[in-house]
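Residues per chain are reported as follows:
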Amino acid sequence: MTETRTPPEPPERPEPDGRPEPPERPEPDGRPERPDPDGRTEQSGRSEPSTAGPGAAGPRNGPRTGAGTGADTRARGARSPRRGRHSHRHRSRHRSRHPRRTPVGSRWAPYALVAPFFLFFGAFGIFPLLATAWTSLHRVELTAPAEQEWVGLHNYARLLDDTFFWNALGNTVVIGVLSTVPQLLLALGVAHLLDVRLRGRGFFRVVALAPYATSVAAATLVFALFFGRDHGMANWALGTVGIDPVDWQNGPWASKFAVSSIVIWRWTGYNALIYLAAMQTIPRELYEAAALDGASRWRQFLHVTLPGLWPAVLFTVLVSTIGATQLFGEPLLFASGAGASGGADHQFQTLGLYLYEQGWVNLHLGRAAAIAWAMLLILVVAFGAVRLLRGGLARREQAS
Amino acid sequence: MGRRSGSRKRGPVRGLALALLLGAALSGGCATDPPVPPATGVPARETVDGSGRRITLTVGVFGTFGLQEAGLYDTYMRLNPDIEVQQTSLSRNDVYYPQLLTHLTAGSGLADVQAVEVGNIAEVLATQGNRLDELGSAPGVDPGAFLPWKWAQGTAADGRTLALGTDIGPQAVCYRKDLFARAGLPTERGAVGRLWAGDWRAYLAAGVRYRERVPEGPAFTDSASGVMAAVTGSAPLRYYDEQGDLIVAVNPAVREAWDLAAAFARQGLTARLQQFTPGWDQAFANGAFATIACPAWMLGYIQDKAGPAGRGRWDVAAAPRPGSWGGSFLVVPSAGRHRAEAARLAAWLTAPAQQAVVFERRGSFPSASAAYTLPAVVSARHPYFDDAPVGAIFAAAARGVPRAPIGPKDALVAQTLADVGMLQVDQTGRSPESAWNAAMKAIDNALDR
C-alpha cells in the first residue's frame, strides 16, 4: 500500500516512477474524469497523504476533480496546505524542545484508556475461544451444559471418519470458490465502472452497496422463491429459451450454484467499494505517463491499476476466504424449511451449517465446538500453506 | 460456543454484529445471560406497577400458537384485572426449542409459561424435569378431563405431571372435491372416507385410480413425507418402545409407513413438495394436488394458503386409520417469579372450555376429552371446507388415536426420516433402500450413536 499512497509532492519533485511530471497539455484521450491542467497542478500541490487513505471511500470528485469550483476555492482560502504543513512542523519542534511534564498517575492513563478494548476483547474474543476449546474436549449436551464428560480428543478424532463433516468441508470449498472468484472479478469490473465519471455516480455507488446493506434473511428468502422448482423465476427464464426446469434445491451442483449466486449478489458491491477506494489512491500521473507511452486502457489497467490494487486484492481475498469458510446464513435460509441439514442429501450443507446442526439441532455442544475449532485450524493451515508457497516462490525467484 | 455457532457471516459483518451485540448486552444489562443464538427475542421481564398489584405474566410460544389469536389472553385479563398477560413468540420451533433449553438450564430469560412441542416433551421432562413446576395438582386442573395418553405424555418418570396438554393433531384427509369429480372418484365426504377406511393401502389404491383418470395436472397428494407422517402417526409403536429404547430401524410399522410413502413417490402420485416451504405454500394456491393428510391444526393453514379460490372446493374426510400428528403442552419453569399465578394461567388456558374456544376459532383440536361433548366442538362445522362437521370427524379420530410411547428424540427422528430420507425418494428419485440407509445414518449421527 505504501507506494500507492506516496503523496504527489509539489511539482518540482520527480514522479515516483522517476519521470518528470508531464507538462501542461491538453487531454490526450479525453478521459473525462481528468481535471483540467490548472486544477491538477493546484491539487497535486496541496493534497496531503492522509486524505487519500484506502479507507477513505469518499468520491474522488471531492478533493481532486472538484478543483476550481467555488467550494474548493473556499477550502483553499481557509486552510492553505503550505500553512498547514508549516504549523505542523512548528508544533513538532516545539514538543521536542519542551518535553511535556505529566503527573505520575497519568502514566497509566493510556493503559486505562485502552483497557476497555482489551477487557471486551478478552470477554468476547478470547474467552469464548478458549471456552469453545475446553468444551470441544468434552461430551456436552445442550440439555445439560453443566454436566461435562471429559473425552479428550475424541470429538476431533471422530471428525476424521465423519462423512457429514467431510461432505460439509467439500461443499464449503466448492461454494467458496464458486462465490469468491466471480465475486472479486465482478467487483473489480464494477469498481472500474464506478471509477469513471458518469452521470449519477453517487446513485450507482449506493446501488452497488445496497445488497450488502440488505438483511441476509430477506435476500435469501427472495432467492429461495427465485430458484423455486415449480414457480421460480429462474426456471421460467430458462423455459423461455427452451431449457428444462432445474431442481435448484436438489441438484448437487445447481444448489451450490444457487447459494453461491446469493453470496455473489450480496458481497460484490462491498468488495467493489474497497477496490474503488484503492483505485482512487493511485496517482493519476501514472496513467498519464502510461498513456504518453502509448499504453492502451487495458494495459493501463494491467500495469497501473492492478499493481496499485494489489494490497486491496489481498485484503478482499483474505476476508472473502474467511467469510466463505463461515458461510452460514445463505445456505440455512436457502433451504427454507429443511432446517440446518443443507438439503435432503446435505448437498449444500457448509461447515458453518453442520456446526449449527450439531450444536442447536442435535444439541451436541462438544462436537459442535470441535467443528468450530477444526474450522479455525483449517483456516490457519490454509493461510500457512499459502505463506509457505509464496516464500518458496520468492526464494526460487531470488535464486534464479 | 453460542457466539461461534451463531455467527452468521464473514469478518466485517461479524465485527459489526458483535459491536451491536455488545451494545445490546450493555444497554440491556443482560450480560449474565447464557449465550443464545442471535436474532431471538428475549421475553419481557415482569413488571409490577406502582401499586404493586398488577402482575405481568409472559407466555412463550412458537409459531402461530393460537392462544392469543383465539383471544384467550384478553378473556383472562378481563376475568383477572390484576393480571396482565403478554406473549413472546418465535416463528419456528427449531429456533424456539434450543433457546428454551438454554434458558431453562441457566434459569433466566424464561417466560412464566412456556410452550413445548410434543416431539420435544419427553426430552424436556427427562432432562429439565427438576426445573419445572408440578402442575397436576395445581388449582383448576382436572386430570380426568384430558385424554389419558396426553396426560401420560406430560407426566415425568417420577410421576409428577409437569406439562398440561393444549392440543393434539387427530388426522383426517383433506381433499379437493372438484378434482375427485374429474377423476370419477366419490366426492361426498362419507363416501370418500369409506373409499379407504381402515387401510392406508386403500388410500394408495385411490391415488392410483386418480392418476389413471388424471394423468396430467394436479398430483394426488402433496408429498411422500406427509403420507409417511400420517401413517406413522396411526401406528401403536413408532420410534421408541415402551422401555424408551430407540426402535426406528427395526420397527416394522415404521418400515411399512416408509414403503407405502415411497410407493406414492415411485408411482408419481405426489407433487414432490416439501411441507412448510414456500413451494408448498404456493402449491396450495395453485391447486397442485388433490389430497393431503391433514391434522386438525392444518385446516387453518390450508385456508390461509389456498385462499378464497379454494373455498367450497376443499372438503374433509376421515383418514384410513385414526392417528395423531403434532400437538403441544404448557409448562411452568420453576425459575419464574410468579409461579402460582403462572400455574393458574396454564391450568385455565388448557381447561376444556378454553380448548373448545381455540378449536372453534383456530382449529387446534382439544387434548381435553371433556371438551368433546361441548357444543363448540360437537357441532363445529368448517365453512371453508364446505361446512364439514370437523368437530365430529376429529373427535372420532381423537378417540381412536393409539397410545404410542414417545421418546426424547422423537422430533429429530421424525424430521430426519422426512427431510433427509423420504424427501430424496420423492424429489431426487433415490431408491427407497438407499434413502432409508442414508436416513438411518443421519439419525445415528444426530443421536450420537
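Rules used in this analysis
Residues numbered from 1 in each chain as written. Chains lettered and ligands numbered in written order. Predicted model: local features only at pLDDT ≥ 70, side-chain atom pairs only at ≥ 80, totals over all residues. Heavy atoms only, no water. Helix = DSSP H or I, 4+ residues; strand = E, 2+ residues; numbered from the N terminus. Buried < 20%, exposed > 50% of the residue type's maximum accessible area, 1.4 Å probe, protein only. Areas by Shrake-Rupley, 256 points an atom, 1.4 Å probe, with all protein chains shown as cover. Contact = heavy atoms within 4.5 Å. Pairing = 2+ DSSP bridges. Buried area = accessible area lost by both parts, 1.4 Å probe. Salt bridge = Lys/Arg side-chain N within 4 Å of Asp/Glu carboxyl O. Expected span 1.5 Å × (residues − 1). Polar contact = N/O pair within 3.5 Å; in protein donor to acceptor, adjacent residues only side chain to side chain. Axes fitted to C-alpha atoms, helices over the stretch in contact; angles between N-to-C directions. Parallel < 35°, antiparallel > 145°, perpendicular 65-115°, else oblique. Left-handed = near helix turned anticlockwise from the far one by under 90°. Nonpolar A, V, L, I, M, F, W, Y, C, P; charged D, E, K, R; others polar.

Engineer: Please give an account of the overall build of chain B that cites residues and values.
Structural biologist: Scanning chain B from N- to C-terminus turns up 19 helices and nine strands. A total of 449 residues make up chain B; the buried ones form 58% of that total. Approximately 16800 Å² of chain B is accessible, and the part contributed by carbon and sulfur atoms is 54%.

Engineer: Please give an account of the overall build of chain A that cites residues and values.
Structural biologist: When you go through chain A residue by residue, the secondary structure sums to 16 helices and two strands. Residues classed as buried in chain A amount to 44% of the 400 residues present. Sequence-distant contacts, at least 24 apart, represent 69% of the contacts inside chain A between residues at least 6 apart. Roughly 21500 Å² of accessible area belongs to chain A as shown, and the carbon and sulfur atoms make up 67% of that amount.

Engineer: Which residues make up the pairing of strand E3 (residues 113-117) of chain B, and what are the values?
Structural biologist: Residue and element names in this part refer to chain B. With five of five residues buried, E3 lies mostly within the body of the structure. A two-sided burial pattern is seen for E3, the buried positions comprising Val113, Ala115 and Glu117 on one face and Gln114 and Val116 on the other. Note that strand E1 (residues 55-62) and E3 share two bridges and pair parallel. Its bridge partner being in E3, Val59 is matched across the sheet by Val113. Of the strand pairs in this sheet, E3 and strand E8 (residues 324-331) are connected by four bridges, and their pairing is antiparallel. Bridging across to E8, Val116 finds its partner in Phe329.

Engineer: Account for helix H15 (residues 352-362) of chain B, naming residues and giving values.
Structural biologist: All names here are of chain B. Buried within H15 are the following residues: Pro352, Gln354, Gln355, Ala356, Val358 and Phe359. Turning to H15, the residues buried within the fold contact helix H3 (72-79), strand E4 (163-176), helix H14 (339-349), strand E9 (365-366), helix H16 (375-378) and helix H17 (390-400). Trailing H15 by a residue or two, Gly363 shows a phi angle of about 95°, which is positive.

Engineer: Kindly report on the environment of Ala278 of chain A, identifying the contributing residues and their values.
Structural biologist: All names here are of chain A. Note that Ala278 resides in helix H11 (residues 252-279). Sequence spacing of Ala278 and Val313 is 35 residues, and the spatial spacing of their C-alpha atoms is 9.3 Å. Discounting residues that sit within four places of it in the chain, Ala278 has contacts with Leu309 and Ala312.

Engineer: Break down the interface of chain A and chain B for me, with residues and values.
Structural biologist: Across the contact, 58 residues belong to chain A and 53 residues belong to chain B. Carbon and sulfur atoms make up 55% of the surface buried where chain A meets chain B, a total of about 4800 Å² over both sides. Across the contact surface, chain A and chain B share four salt bridges. Here Asp448 of chain B ties to Arg367 of chain A by a salt bridge, and the two come within 3.2 Å at their closest N and O atoms.

Engineer: Any details on helix H9 (residues 200-213) of chain B? Residues and values, ideally.
Structural biologist: Under the 1.5 Å per step criterion, the end-to-end length of H9 of chain B is 20 Å for 14 residues, consistent within 8% with the ideal 20 Å. The backbone nitrogen of Arg201 of chain B lies 2.9 Å from a side-chain oxygen of the residue at the head of H9 of chain B, namely Asp199 of chain B.

Engineer: Tell me what's going on with the environment of Asp304 of chain B, and back it up with residues and numbers.
Structural biologist: All names here are of chain B. Inspection of the secondary structure assignment puts Asp304 in helix H13 (residues 298-306). The exposed category is assigned to Asp304, whose relative accessible area is 58%. Separated by 23 residues in the primary sequence, Asp304 and Asp281 have C-alpha atoms spaced 9.1 Å apart.

Engineer: Explain the environment of Ile322 of chain A residue by residue, including any values.
Structural biologist: All names here are of chain A. Summarising the element assignment, Ile322 is placed in helix H13 (residues 297-325). Take Ile322: its relative accessible area is 25%, and that puts it in the partly exposed class. Separated by 72 residues in sequence, Ile322 and Asn250 have C-alpha atoms that sit 26 Å apart. Among residues more than four places away in sequence, those in contact with Ile322 are Leu379 and Phe383.

Engineer: Please provide a residue-by-residue account of unusual backbone geometry, values included.
Structural biologist: All names here are of chain B. Although it is not a glycine, Phe276 sits at a positive phi angle of roughly 60°. Mapped onto the fold, Phe276 is located in the loop between helix H11 (252-266) and helix H12 (278-286). Owing to a relative accessible area of 37%, Phe276 belongs among the partly exposed residues under this scheme. With a phi close to 55°, Asp387 is a non-glycine residue in the positive phi region.

Engineer: Let's hear about the pattern of salt bridges: which residues, and what values?
Structural biologist: Counted by the stated rule, this structure contains 24 salt bridges over all chains. With a closest N to O distance of 3.0 Å, Asp230 of chain A and Arg229 of chain A form a salt bridge. Here Asp178 of chain B and Arg313 of chain B are joined by a salt bridge, their closest N and O atoms 3.7 Å apart. One end of the pair, Asp178 of chain B, is in helix H7 (residues 177-182); the other, Arg313 of chain B, is in the loop between H13 and strand E7 (314-318), with 135 residues separating them in the sequence. Assessed through its relative accessible area of 30%, Asp178 of chain B is described here as partly exposed. Looking at Arg313 of chain B, the relative accessible area reads 38%, which means it is partly exposed.

Engineer: Tell me about the pairing of strand E2 (residues 144-150) of chain A, and please be specific about residues and values.
Structural biologist: Where a strand is regular, its side chains alternate between the two sheet faces. Residue and element names in this part refer to chain A. Note that strand E1 (residues 138-141) and E2 share three bridges and pair antiparallel. Considered in E2, the bridge of Glu141 is made with Ala144. Counting the residues in the hairpin turn of E1 and E2 gives two residues.

Engineer: Describe the packing of helix H10 (residues 224-233) of chain B against helix H18 (residues 410-427) of chain B, listing the residues and the values that go with them.
Structural biologist: To characterise two packed helices, one gives the angle between the axes of the helices and the distance between these axes. Residue and element names in this part refer to chain B. Axis separation between H10 and H18 bottoms out at 8 Å; the angle between their running directions is 130°. Taken together, the axes of H10 and H18 are oblique relative to one another. Between H10 and H18 the crossing geometry is right-handed. Across from Ala224, Ser225 and Met228 in H10, the residues of H18 making contact are Leu417, Ala418, Met422, Leu423 and Asp426. Here the residues of the contact of H10 with H18 are counted per class, giving six nonpolar, one polar and one charged.

Just geometry here; none of it tells us what the structure is for.
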